[in-house]
Amino acid sequence: MSDMTVAKGMNQRRPAKRKAVSLANRLSPYAFVGPAIIVLFIALIIPLGYMIYGSMLDWTASQSIEEADFIGLKNYTDLWNDPRFMKSVSVTLRFAFIVVVVELIVGVGLALLLDRDIKGMTFLRTMFILPMMIAPVVVGLMWRFMYHPSDGTFNRFLEKIGLPSVDWLGEHALMSVIIADIWQWTPFIFILALAALQSLPRSTLEAARIDGASPWQQIIYIKLPLMMPVLIVTALLRLIDAFKVLEVILVLTDGGPGQETQILSHRINETMTEVRHLGEAAAMANYLLILLMALTLGMLGFNRWQENRTARIRAAAEEDV
């Protein structure tokens with residue numbers, strides 16, 4: 001066999017080999033992602049479908065799901081016309097909006113204040129994050145003792161300075177729950193805001209100083225806009241968590257007095273464990289899921305717009321330098 005014939009045979013085998021390698025390269029990402037997709041399907045998609053199906057049944061705890069009668073969207077329409085459910089939605093929105101806004105203001109303010117070389121900064125950071133490391137049930141018990149009408153820390157302090165005691169868990173129940181949540185979760189926003197501040201490009205800040213920007217102008221026009229993508233994601237995480245708060249409210253007020261502190265997660269729990277109507281509880285959970293998805297999509301859209309704006313600010317600052 002001549003050398004030309006051997007070379008021709010090798011050239012014919014090379015495209016097949018390249019094709020096999022190319023196919024393996026295309027399939028390898030799916031091989032790595034495949035197990036995660038399977039776990040996601042089992043742990044998320046199947047339970048979600050089960051909950052959607054259960055919400056369309058007249059299903060109580062005394063029945064198996066096969067014994068329940070199919071009623072379509074009746075649970076959803078009944079809830080939409082239920083004043084108690086709408087009250088829970090209102091309390092949830094008020095609670096979530098107030099805690100997230102206050103936590104953002106306090107957390108970002110502390111981050112701006114402590115974004116400098118301070119002696120003992122490591123100790124301060126550790127002290128700041130301690131509240132978020134405590135279990136929610138323990139937080140509820142701590143604040144319940146402090147809110148006690150006669151022996152609580154707050155009312156004793158008010159008596160010492162000559163002021164009347166306050167009915168913290170009665171007349172001011174929602175405000176009391178909000179204060180406890182702010183105390184526990186402001187450190188979360190502080191840590192992320194401080195990390196965002198320390199990752200800002202120093203060239204941009206230096207350009208602002210050279211242009212004569214005051215510290216307040218640097219905060220308003222440079223630091224906060226550049227931090228905004230991180231702050232939006234942080235606010236979104238806290239918003240989702242605020243909609244699901246349960247343990248602290250159960251320990252502090254159990255949703256009372258009346259429905260003053262009954263957020264949706266508490267009402268879902270009450271419907272499942274006390275009323276024992278699983279179909280109605282599933283419908284409530286789906287309403288909560290729809291509300292969270294709408295808020296998430298809205299904030300992610302705003303985040304994309306803010307990221308484009310941040311990129312323009314950085315580009316302008318680099319041109320100035």
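Refer to the preceding data block for the structure.
The notes below deal with the structure included here. (Residues numbered from 1 in each chain as written. Predicted model: local features only at pLDDT ≥ 70, side-chain atom pairs only at ≥ 80, totals over all residues. Heavy atoms only, no water.)

A few words on the overall build of the protein. A count of helices and strands for the protein gives twelve helices and two strands. Taken from the N to the C terminus, the helices and strands of the protein come in the order α-β-β-α-α-α-α-α-α-α-α-α-α-α. Relative to a compact globule of 321 residues, whose C-alpha radius of gyration would be 20 Å, the protein shows 28 Å and is clearly more extended. Residue burial in the protein is summarised as follows: out of 321 residues, 36% are buried. The contacts of the protein with a sequence gap of at least 6 include a subset with a gap of at least 24, amounting to 70%. Total accessible area computed for the protein in this model is approximately 19,300 Å², and 67% of it derives from carbon and sulfur atoms. In the protein, the 28 positive side-chain charges and the 28 negative ones have mean positions that sit 14 Å from each other. (Helix = DSSP H or I, 4+ residues; strand = E, 2+ residues; numbered from the N terminus. Rg over C-alpha atoms; globule rule 2.2 N^0.38 Å. Buried < 20%, exposed > 50% of the residue type's maximum accessible area, 1.4 Å probe, protein only. Contact = heavy atoms within 4.5 Å. Areas by Shrake-Rupley, 256 points an atom, 1.4 Å probe, with all protein chains shown as cover. Lys, Arg positive; Asp, Glu negative; His and termini not counted. Charge placed at Lys NZ, Arg CZ, Asp CG, Glu CD.)

Between its terminal C-alpha atoms helix H3 (residues 83-113) stretches 45 Å, which fits the 45 Å expected from 31 residues at 1.5 Å a residue. The N-cap residue of H3 is Asp82: its side-chain oxygen and the backbone nitrogen of Arg84 are 3.1 Å apart. (Expected span 1.5 Å × (residues − 1). Polar contact = N/O pair within 3.5 Å; in protein donor to acceptor, adjacent residues only side chain to side chain.)

So, on to the packing of H3 against helix H9 (residues 215-243). For the pair H3 and H9, interaxial distance at closest approach is 10 Å and the crossing angle is 140°. As summarised for this structure, H3 and H9 are arranged oblique, according to the angle between their axes. When the axes of H3 and H9 are compared, the crossing they make is right-handed. In this structure, H3 contributes Thr92, Leu93, Phe95, Ala96, Val99, Val100, Glu103, Leu104, Val108 and Leu112 to the contact, and H9 contributes Ile219, Lys223, Leu224, Met227, Leu231, Ala235, Arg238, Leu239, Ala242 and Phe243. Here the residues of the contact of H3 with H9 are counted per class, giving 16 nonpolar, one polar and three charged. (Axes fitted to C-alpha atoms, helices over the stretch in contact; angles between N-to-C directions. Parallel < 35°, antiparallel > 145°, perpendicular 65-115°, else oblique. Left-handed = near helix turned anticlockwise from the far one by under 90°. Nonpolar A, V, L, I, M, F, W, Y, C, P; charged D, E, K, R; others polar.)

Phe85, Phe95, Val99 and Leu252 are the most contacted members of the largest nonpolar core, which totals 40 residues. Listing elements by their share of this core, those giving two or more residues are helix H2 (74-80), H3, helix H5 (136-146), helix H7 (173-198), H9, helix H10 (247-252), helix H11 (264-275) and helix H12 (278-320). Apart from residues lying up to four places away in sequence, Leu252 is in contact with Gly140, Trp143, Arg144, Tyr147, Leu169, Val177 and Ala180. Listed in part, the 19 residues of the second largest apolar core include Ala111, Ala193, Ala196 and Met227. (Core = buried A, V, L, I, M, F, W, Y, C linked by side-chain atoms within 4.5 Å.)

Turning our attention to the environment of Glu307. Mapped onto the elements, Glu307 comes out in helix H12. On the accessibility criterion, Glu307 (41% relative accessible area) is partly exposed. For the pair Glu307 and Ser176, spaced 131 residues apart in sequence, the C-alpha to C-alpha distance is 36 Å.

A word on H5. Taken as a whole, H5 has its buried residues at Val139, Gly140 and Trp143. Buried residues in H5, looked at end-on, bunch into an arc of 100°, giving them a common side. In this structure, the buried residues of H5 make contact with helix H6 (153-160), H7 and H10. (Arc of directions from axis to C-beta.)

This brings us to the side chain of Thr234. Residue placement: Thr234 occurs in helix H9. Given a relative accessible area of 2%, Thr234 falls into the buried group. When sequence neighbours within four positions are dropped, the list of residues in contact with Thr234 reads Phe188, Ile189 and Leu192.

With that out of the way, let us pick up the packing of H7 against H9. Across the interface, H7 lies against H9 with an axial gap of 10 Å and an inter-helix angle of 150°. Two packed elements cross with a definite hand, and for H7 against H9 that hand is right-handed. For the pair H7 and H9, contact is made by Asp181, Trp185, Phe188, Ile189, Leu192, Ala193, Ala196 and Leu197 and by Lys223, Met227, Val230, Leu231, Thr234, Leu237, Arg238 and Asp241, respectively. For the contact of H7 with H9, the per-class residue count stands at eleven nonpolar, one polar and four charged.

Turning to unusual backbone geometry, a few remarks are in order. A negative phi angle characterises most non-glycine residues, just as the trans form characterises most peptide bonds. Note that the residue after Gly256, namely Pro257, is joined by a cis bond; omega there is -10°. Among the structural elements, Pro257 can be located in the loop between H10 and H11. At Asp254, a residue that is not glycine, the phi angle is positive and equals roughly 55°. Here Asp254 lies in the loop between H10 and H11. For Arg276, which is not glycine, the phi dihedral falls at a positive 60°. Relative to the helices and strands, Arg276 is located in the loop between H11 and H12.

Distances and angles like these do not, on their own, reveal function.
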